[in-house]
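The primary structure of each chain is shown beneath.
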Amino acid sequence: DTGVSQNPRHKITKRGQNVTFRCDPISEHNRLYWYRQTLGQGPEFLTYFQNEAQLEKSRLLSDRFSAERPKGSFSTLEIQRTEQGDSAMYLCASSFSSPSTDTQYFGPGTRLTVL
Amino acid sequence: AQSVTQLDSQVPVFEEAPVELRCNYSSSVSVYLFWYVQYPNQGLQLLLKYLSGSTLVKGINGFEAEFNKSQTSFHLRKPSVHISDTAEYFCAVIMIKAAGNKLTFGGGTRVLVKP
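S.K.: Describe the state of the cysteines, with residues and values.
M.R.: All chains considered together, the criterion is met by 2 disulfides over all chains. Residue pairing for A:Cys23: its cysteine sulfur links by disulfide to A:Cys92, the two sulfurs lying 1.8 Å apart. Looking down the S-S bond of the A:Cys23 and A:Cys92 bridge, the torsion is -65 degrees, so its handedness is left-handed. Of this pair, A:Cys23 sits in strand β3 (residues 19–24) while A:Cys92 sits in strand β9 (residues 88–95), placing them 69 residues apart in sequence. Taken as a pair, A:Cys23 and A:Cys92 share a single burial class, namely buried. Between the sulfur atoms of B:Cys23 and its disulfide partner B:Cys91 the distance amounts to 2.0 Å. As the torsion about the S-S bond is roughly -65 degrees, the B:Cys23-B:Cys91 disulfide counts as left-handed. Highlighted residues: B:Cys23 in the loop between β3 (19–21) and β4 (24–26) and B:Cys91 in strand β10 (residues 87–95), separated in sequence by 68 residues. By the burial criterion, B:Cys23 is buried, and B:Cys91 matches it.

S.K.: Outline the nonpolar core, listing residues and values.
M.R.: In terms of nonpolar packing, the biggest core is built from 28 residues, with B:Trp35, B:Leu48, B:Leu76 and B:Tyr89 touching the most fellow members. When contributions to this core are tallied by element, the ones reaching two or more residues are β2 (10–14), β3, β5 (31–38), β6 (44–50), β8 (64–68), β9 (73–78), β10 and β12 (109–114) of chain B. Sequence-distant contacts of B:Leu48, that is, excluding residues within four places in its chain, are made with B:Leu33, B:Phe34, B:Trp35, B:Val57, B:Lys58, B:Gly59, B:Phe63, B:Glu64, B:Ala65, B:Phe74 and B:Leu76. By size, the runner-up hydrophobic cluster in this structure holds 19 residues, among which are A:Trp34, A:Leu61, A:Phe65 and A:Leu112.

S.K.: Go over the pairing of β8(B) with me, naming the residues and quoting the values.
M.R.: Residues and elements named next belong to chain B. Only one face of β8 is buried, namely the one carrying Ala65 and Phe67, since none of Glu64, Glu66 and Asn68 on the opposite face is buried. The pairing of strand β7 (residues 56–58) with β8 spans 3 bridges and is classified as antiparallel. For lysine 58, the partnering residue across the bridge sits in β8 and is glutamate 64. Between β7 and β8, which pair antiparallel one after the other, the connecting turn spans 5 residues, and asparagine 61 there sits at a positive phi close to 60 degrees.

S.K.: How would you explain the sheet that holds strand β8 (residues 75–79) of chain A if you had to name every residue and give the values?
M.R.: Sheet strands pair via backbone hydrogen bonds, and the direction of the pair is either parallel or antiparallel. Residue and element names in this part refer to chain A. The antiparallel open sheet is built from 4 strands, whose spatial order is β1-β3-β8-β7. Bordering the open sheet on either side are β1 (5–7) and β7 (65–68), each of which pairs with just one other strand. The mean angle between the axes of side-by-side strands here comes to 15 degrees, regardless of whether they run parallel or antiparallel.

S.K.: Quick rundown of the side chain of A:Thr47? Include the residues and the values.
M.R.: Residue and element names in this part refer to chain A. Along the polypeptide, threonine 47 turns up in strand β5 (residues 44–50). Within the local environment of threonine 47, its side chain forms a polar contact with the backbone oxygen of glutamate 56, the two atoms lying 2.7 Å apart. Each residue touching threonine 47, except ones within four places of it in the same chain, is listed here: Leu32, Tyr33, Trp34, Gln54, Glu56, Lys57, Leu61 and Ala67.

S.K.: Let's hear about the interface of chain B and chain A: which residues, and what values?
M.R.: Contacts between the two partners involve 20 residues from chain B, matched on the other side by 22 residues from chain A. Summed over both partners, the interface of chain B with chain A buries about 1700 Å², with 50% contributed by carbon and sulfur atoms. Between B:Lys102 and A:Glu56 there is a salt bridge, and its shortest N-O distance comes to 2.5 Å. Taken together, the links from chain B to chain A amount to 6 residue pairs in polar contact (both at pLDDT 80 or more). Looking at the side of chain B that touches chain A, the elements that each hand over two or more residues are β5, β6 and β10 of chain B. Classifying every residue of the side of chain B that touches chain A by side-chain character gives 10 nonpolar, 8 polar and 2 charged.

S.K.: Can you explain the pairing of β8(A)? Please cite residues and give values.
M.R.: Residue and element names in this part refer to chain A. Counting buried residues in β8 gives 4 out of 5 residues, a clear majority hidden from the surface. Sheet topology places β3 next to β8; 5 bridges connect them, and they run antiparallel. Bridge pairing links cysteine 23 to serine 75 in β8. With 4 bridges joining them, β7 and β8 adopt antiparallel strand pairing. Counted as the bridge partner of serine 66 is glutamate 78 from β8. Between the end of β7 and the start of β8, which pair antiparallel, lie 6 residues, with glycine 72 showing a positive phi angle near 75 degrees.

Conventions adopted
Residues numbered from 1 in each chain as written. Chains lettered and ligands numbered in written order. Predicted model: local features only at pLDDT ≥ 70, side-chain atom pairs only at ≥ 80, totals over all residues. Heavy atoms only, no water. Disulfide = S-S within 2.5 Å. Helix = DSSP H or I, 4+ residues; strand = E, 2+ residues; numbered from the N terminus. Buried < 20%, exposed > 50% of the residue type's maximum accessible area, 1.4 Å probe, protein only. Core = buried A, V, L, I, M, F, W, Y, C linked by side-chain atoms within 4.5 Å. Contact = heavy atoms within 4.5 Å. Pairing = 2+ DSSP bridges. Axes fitted to C-alpha atoms, helices over the stretch in contact; angles between N-to-C directions. Polar contact = N/O pair within 3.5 Å; in protein donor to acceptor, adjacent residues only side chain to side chain. Buried area = accessible area lost by both parts, 1.4 Å probe. Salt bridge = Lys/Arg side-chain N within 4 Å of Asp/Glu carboxyl O. Nonpolar A, V, L, I, M, F, W, Y, C, P; charged D, E, K, R; others polar.

Quick look at the structure:
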């Protein structure tokens, strides 16, 4: 069990550029979540997948954001036409769904800085 | 809708002294409760969780928390802190039976342990 991994760990980009982040969950986990954390705040939910299906998206996820999990394994989060307000830590978490609840395990995050 | 309030944004504490981090939540339905810790430039690590049963929950690194349903609180405690406990701590909830089990986080409490 290597845990949840995220790449890259840091990304600096200029306003207007597109960026893509990758998340590799724990191998047997069927749920994958994306959260965003701005400086001094708690993480906020963006979206989640059960296997390859994207089942919920937050209102925070504008049209410039898109997430995929094509084969139910790794996931990508793309931000098009980045804005300075997109600067944040993007966290990925995975879990194995159960009838009661599931514990989410977080990756180290990707810190995005938009200049 | 649910919300989580962490009443203290920063808590300075001397090494080997006890610490308590306060968390209150608001929800129209029953919730599961979690505490996560975040070390600088890292993702979140689960400290402990309350799903059901005994209201006193023990977690890793000597932390424990007590669920109080009447006061809608889930305060975190440690009887004797170490320098290595310097980190940010997040309280979070999941609404029971809500689709997806997304976490709603509080704003975090930064603990600074002084020698």
